[in-house]
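Observations on the model geometry
So you can see what is in the structure, the chains are spelled out below.
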Amino acid sequence: MKLSFGASGALTQQIQNGAPFDLFFSADSEYPKKLDAAGLAEPGTLREYAMGHIVIWTPSDSGINAAKDGWKSLLDQRVKRIAIANPQHAPYGRAALAALKKAGIYQQVKDKLVYGENISQAAEFVQSGNAQEGLMALSLAMSPAMRDGSRWEIPMDSYPPIKQAVVLLKASKHKDAARRFLDFVIGSQGREILQRCGFTVATP
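Thoughts on the sheet that holds strand 7 (residues 150-153)
Taken together, the five strands give an open sheet; going across it, the order is 5-4-6-3-7, and neighbouring strands pair in mixed fashion. At either margin of the open sheet sits one strand with a lone partner, and together these are strand 5 (113-116) and strand 7. This sheet shows a mean twist of 30° between the axes of neighbouring strands, independent of strand direction. Along the sheet face, helix 6 (residues 119-128) touches strand 3 (54-58), strand 4 (82-85), strand 5 and strand 6 (133-137) and points at about 150° away from the line of strand 6.

This is the structure in structure tokens:
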């Protein structure tokens, strides 16, 4: 099995242009729905499988305590750049912008924002020191490479729900294997893994 990572909107465009994917896991359920409506998905395979969450995260050696200071940590004078995913095609980026505006600090931090092509690249900006803080997926902040950092979970009522969905693509050349993997992800084992990795799992 080969994995390809990218912003949900960008991957949707690739699929529409004929990219040879079997399954599409999207951080925004609207993109798989669009592919389903366009006849590019196997009928009946569209599933909302999880809900994502966003956090403020900073490295452990930064001296900035996101877990303690929450929104105020973004206003720290030592924070020159704040990384988020590109909101034009990344759902986590749109959620980050909405949360900043809801918190009433967008105008104060907008000139500090730097945009990753997707949420993983935004996380890399902070890990590499190119940004001092980032608004990113809880699942990334819980990963082995980042769990030692300081994180503060942004209240879920601060941003639109990040409903994640998957669809089996009609152009898939490995439909049987793809169906088995899809069944695993939405089954009890897959749901347990997702929950352990920072997602709220969808009701079966």
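Still to come is the rest of the account.
Let's talk about the packing of helix 8 (residues 175-186) against helix 9 (residues 188-196)
Relative placement of two packed helices is described by the angle separating their axes and the distance separating the axes. At a minimum axis separation of 4 Å, helix 8 and helix 9 run at an interaxial angle of 60°. The angle between helix 8 and helix 9 falls in the class oblique. Across from Phe184, Val185 and Ile186 in helix 8, the residues of helix 9 making contact are Ser188, Gln189, Gly190, Arg191, Ile193 and Leu194. Counted by class, the contact of helix 8 with helix 9 contains five nonpolar, three polar and one charged residues.

A word on the nonpolar core
Within the largest apolar cluster, 51 residues are counted, with the highest numbers of intra-cluster contacts made by Trp71, Leu74 and Leu135. Looking at this core element by element, the count peaks at six residues for helix 4 (residues 91-103). Of all hydrophobic cores here, the second largest spans ten residues; its members include Leu11, Ile15, Leu35 and Ala41.

Re the sheet that holds strand 2 (residues 47-52)
Within the open sheet, the four strands sit side by side as 1-8-2-9. Their pairing is antiparallel. Because the sheet does not close on itself, it has two edges, and the strands there are strand 1 (23-26) and strand 9 (200-201). Examined bridge by bridge, strand 2 and strand 9 share two bridges and lie antiparallel to one another. Bridge pairing in strand 9 links Met51 to Thr200. Against the sheet, helix 8 engages strand 1, strand 2 and strand 8 (162-168), with an angle of about 30° to strand 1.

Focus on the pattern of salt bridges
Counted according to the given criterion, the structure contains seven salt bridges. Across the pair Arg94 and Asp28 runs a salt bridge whose closest N-O atoms are separated by 2.5 Å. In this pair, Arg94 sits in helix 4 while Asp28 sits in the loop between strand 1 and helix 2 (30-37), placing the two residues 66 residues apart along the sequence. Of the residues examined, Asp28 reaches a relative accessible area of 16% and is grouped as buried. In this structure, the salt-bridge partner of Arg179 is Glu42, at a minimum N-O distance of 3.4 Å. In this pair, Arg179 is assigned in helix 8 and Glu42 in the loop between helix 2 and strand 2, connecting sequence segments 137 residues apart. Residue Arg179 is classed as partly exposed on the basis of its relative accessible area, which comes to 35%. If you follow the salt bridges from partner to partner, you end up with Glu30, Lys33 and Glu48 in one network.

Considerations on helix 6
Turning to helix 6, its buried residues are Ile119, Ala122, Ala123 and Val126. Across the axial projection of helix 6, the buried residues extend over an arc of 100°, all falling on one side. On the buried face of helix 6, the contacting elements are strand 3, strand 4, helix 4, strand 5, strand 6 and helix 7 (138-141). Where helix 6 begins, one side-chain oxygen reaches toward the backbone nitrogen of Ser120, 3.1 Å away; that side chain belongs to Asn118. Once helix 6 ends, the next one or two residues include Gly129, with phi positive near 90°.

Rules behind the numbers
- Residues numbered from 1 in each chain as written.
- Predicted model: local features only at pLDDT ≥ 70, side-chain atom pairs only at ≥ 80, totals over all residues.
- Heavy atoms only, no water.
- Pairing = 2+ DSSP bridges.
- Helix = DSSP H or I, 4+ residues; strand = E, 2+ residues; numbered from the N terminus.
- Axes fitted to C-alpha atoms, helices over the stretch in contact; angles between N-to-C directions.
- Contact = heavy atoms within 4.5 Å.
- Parallel < 35°, antiparallel > 145°, perpendicular 65-115°, else oblique.
- Nonpolar A, V, L, I, M, F, W, Y, C, P; charged D, E, K, R; others polar.
- Core = buried A, V, L, I, M, F, W, Y, C linked by side-chain atoms within 4.5 Å.
- Buried < 20%, exposed > 50% of the residue type's maximum accessible area, 1.4 Å probe, protein only.
- Salt bridge = Lys/Arg side-chain N within 4 Å of Asp/Glu carboxyl O.
- Arc of directions from axis to C-beta.
- Polar contact = N/O pair within 3.5 Å; in protein donor to acceptor, adjacent residues only side chain to side chain.

By themselves, these figures tell us nothing about what the structure is for.
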